[in-house]
Amino acid sequence: MSILRCKLRLEIIQYLPKSIFVGDTMGLTSEERKIMLHYLLDMGELLLSCGAEISRVEDTLTRMGIAYGAETMNVFVITSSIVITMVFPNAIEVTETRRIRKLDSTNFKKLEDLNELSRQCCIAPLPLDQLHQRLNAIHAEEANRKKFIIGSILGAFGFAIFFGGTILDGLACGLVAILIVFLQRRLGEIAPNTIVFNFLAASLVGVLIVILSRIFPVLHMDKIMIGDIMLLIPGIAMTNSIRNMLVGDTISGIMRLIESLLWAGALALGFMTVMLIS
């Protein structure tokens, strides 16, 4: 429905006077066009980091560029790079490439805010300074820490019970989930990449689970491990990779699928290493 609304709004925009748009080419200097392109790259990077699929990123950047005065938008996005060429009237072109080195965890709140911002820009483009402020504000948003911790505990508890664990296994699993949240905030900042983080996190979590199972023999170590590993499994990334391939973004889909499999393999290797040593 959001795509349909945006299409209708763009059709309406085509019949409105160009002068009402802040992004009218006659009002943008050469430097302002470059700034506008830079902000579009910021938008695309934020969308990718929040977990948006490739087709959504390309479609959003294309619509925003046209709304800001471009006649043609050539947008190419993969999980590690964004390339945008904006073609303005009188054959004026600006091009920029950005390397995406690190993606954050999926954040649907930021994704919804970015979608709303793009819809507003399709209706009536914001001045460049306001667009920059809105992007910075969305980038600075942080998830509610208490809700995140509670959600992680409940998720781990539920998965442990679902896979055959006892209530005690679920409680222990929820306790270990607190460590996972801590590692995501602290270890994730210093880990060079997600593969290393997943291996180290799985190893540390595995050690704690082994210690708990030795202190309390009534606990089932395998059920606790299963419940906690579900918090780290890249399920959304893997689902998006399949979706990307189905809609024609084959390169991005294959890259994301391989990354997801490597992340999952690092998790399995971390837990396996602890189990073999113990």
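Cut-offs used in this document
- Numbers given to residues run from 1 along each chain, matching the order in which its sequence is written.
- Per-residue local features are limited, in this predicted model, to residues with pLDDT of at least 70; the limit for side-chain atom pairs, both in listing and counting, is 80 or more; totals at the level of whole chains, interfaces and linings are taken over all residues.
- Values reported for side chains reflect all heavy atoms of the structure, with hydrogen atoms and water molecules removed beforehand.
- Helix and strand assignments come from DSSP, with helices taken as H or I runs of at least 4 residues and strands as E runs of at least 2, each series counted from the N terminus.
- Relative accessibility decides the category of a residue: with a 1.4 Å probe and only protein chains considered, values under 20% of the type maximum give buried, values over 50% give exposed, and everything between is partly exposed.
- The criterion used for residue contact is that any of the two residues' heavy atoms lie within 4.5 Å.
- Working definition of accessibility: Shrake-Rupley area with a 1.4 Å probe, residue cover restricted to the visible protein chains.
- Planes of paired rings set the category: under 30 degrees apart is stacked, over 60 is edge-to-face and the rest tilted, where pairs are Phe, Tyr or Trp rings (Trp by its six-membered ring) whose centres lie within 6.5 Å.
- Two thresholds decide whether a charge sits over a ring: the Lys NZ or Arg CZ must be within 6 Å of the ring centre and within 35 degrees of the ring normal.
- Strand pairing is defined by DSSP finding a minimum of two bridges between the two strands.
- Only the stretch in contact is used when fitting a helix axis, every axis being a line fitted to C-alpha atoms; angles between N-to-C directions are given from 0 to 180 degrees.
- The criterion is simple. A nonpolar core is a set of buried Ala, Val, Leu, Ile, Met, Phe, Trp, Tyr and Cys residues joined through side-chain atoms within 4.5 Å.
- Patch membership needs two things, relative accessible area over 30% and no salt bridge, and members are linked within 9 Å if like-charged or within 5 Å if nonpolar (Val, Leu, Ile, Met, Phe, Trp, Tyr).
- We define a salt bridge as a side-chain nitrogen of Lys or Arg found within 4 Å of a carboxyl oxygen belonging to Asp or Glu.
- Here the expected span of a helix is defined as 1.5 Å times the quantity of residues minus one.
- Directions from the helix axis toward the C-beta atoms define the arc.

Got a minute to help me understand the overall build of the protein chain in this structure?
A count of helices and strands for the protein chain gives 11 helices and three strands. Each helix and strand of the protein chain, placed in order from N terminus to C terminus, yields the pattern α-α-α-β-β-β-α-α-α-α-α-α-α-α. Residues counted as buried form 44% of the 278 residues belonging to the protein chain. Within the protein chain, contacts between residues at least 6 apart in sequence are counted, and of these 63% link residues at least 24 apart. For the protein chain, the exposed surface amounts to about 14,900 Å²; the carbon and sulfur share of it is 65%.

What am I meant to see in the packing of aromatic side chains here?
Two measures describe an aromatic ring pair: the distance that separates the ring centres and the angle between the ring planes. Counted according to the given criterion, the structure contains two aromatic pairs. Taken together, a centroid distance of 6.4 Å and an interplanar angle of 25° make the contact between F159 and F163 stacked. With centroids separated by 5.1 Å and ring planes inclined at 85°, the aromatic side chains of F162 and F163 adopt a geometry described as edge-to-face. Given a relative accessible area of 34%, F163 falls into the partly exposed group. Cluster of aromatic residues (ring-pair linked, three or more members): F159, F162 and F163. One Lys or Arg, R33, reaches over the ring of F88 and ends 5.6 Å from the middle of that ring.

Any chance you could explain the sheet that holds strand 3 (residues 92–99) here in plain terms?
Across a sheet, paired strands are connected by hydrogen bonds in the backbone, their directions being either parallel or antiparallel. In spatial order, the strands read 1-2-3; together these three strands make up an open sheet with antiparallel pairing. Unpaired on one side and paired on the other, strand 1 (72–78) and strand 3 mark the two borders of the sheet. Ignoring which end each strand starts from, the neighbouring axes of this sheet average 5° apart. Docked against the sheet, helix 3 (residues 54–67) engages strand 1 and strand 2 (81–88), running at close to 155° with respect to strand 1.

How do you make sense of the environment of L154 when you look at a structure like this?
When you line up the elements, L154 lands in helix 6 (residues 145–162). Separated by 20 residues in sequence, L154 and G174 place their C-alpha atoms 6.7 Å apart.

Would you explain the nonpolar core in this entry?
Looking at soluble globular proteins, one finds that nonpolar side chains tend to be buried together. By size, the foremost hydrophobic cluster in this structure holds 35 residues, and its most contacted members are I84, M86 and L131. Only helix 2 (30–49), helix 3, strand 1, strand 2, helix 4 (108–123) and helix 5 (128–140) provide two or more residues apiece to this core. Sequence-distant contacts of M86, that is, excluding residues within four places in its chain, are made with M36, L37, L40, G65, A70, T72, M73, I92, E93 and V94. Grouped together as the second largest cluster of nonpolar side chains are 25 residues, A160, L183, V210 and I224 included.

Honestly, a nonpolar patch on the surface in this entry has me stumped. Any pointers?
Nonpolar side chains collect at one region of the surface, where I161, I167, L168, L171, V207, I211, I215, F216 and V218 lie side by side and expose about 810 Å² of accessible area between them. Contributions of two or more residues to the nonpolar patch are made by helix 7 (167–190) and helix 8 (194–215). Relative to the helices and strands, I211 is located in helix 8.

Honestly, the environment of V87 in this entry has me stumped. Any pointers?
Considering the arrangement of structural elements, one finds V87 in strand 2. Note: C-alpha distance between V87 and G69 (18 residues apart in sequence) is 9.0 Å. If sequence neighbours within four positions are ignored, V87 has contacts with A70, E71, T72, N74, I92 and E93.

Help me understand helix 6 in this model?
Given a rise of 1.5 Å per residue, 18 residues ought to cover 26 Å, and the 25 Å separating the end C-alpha atoms of helix 6 matches this to within 8%. Listing the buried residues of helix 6 in full gives S152, A156 and A160. Projection of helix 6 onto a plane perpendicular to its axis shows the buried side chains occupying an angular sector of 55°, all on one side. Looking at helix 6, the residues exposed on the side facing more than 90 degrees away from the buried face are K146, K147, L154 and F162. Among the structural elements, helix 7 and helix 9 (221–229) are those in contact with the buried residues of helix 6. Once helix 6 finishes, G164 follows within two positions and takes phi at roughly 100°, a positive value.

Is there a simple way to think about the pattern of salt bridges in this case?
Evaluation of the coordinates by the stated rule reveals 11 salt bridges. Residue E141 is joined to K109 by a salt bridge in which the shortest nitrogen-to-oxygen separation is 3.9 Å. Of this pair, E141 sits in the loop between helix 5 and helix 6 while K109 sits in helix 4, and the two are 32 residues apart along the sequence. Taking the relative accessible area as the measure of exposure, K109 reaches 52% and is therefore exposed. Residues participating in the shared-partner salt-bridge network are D42, E45 and R98.

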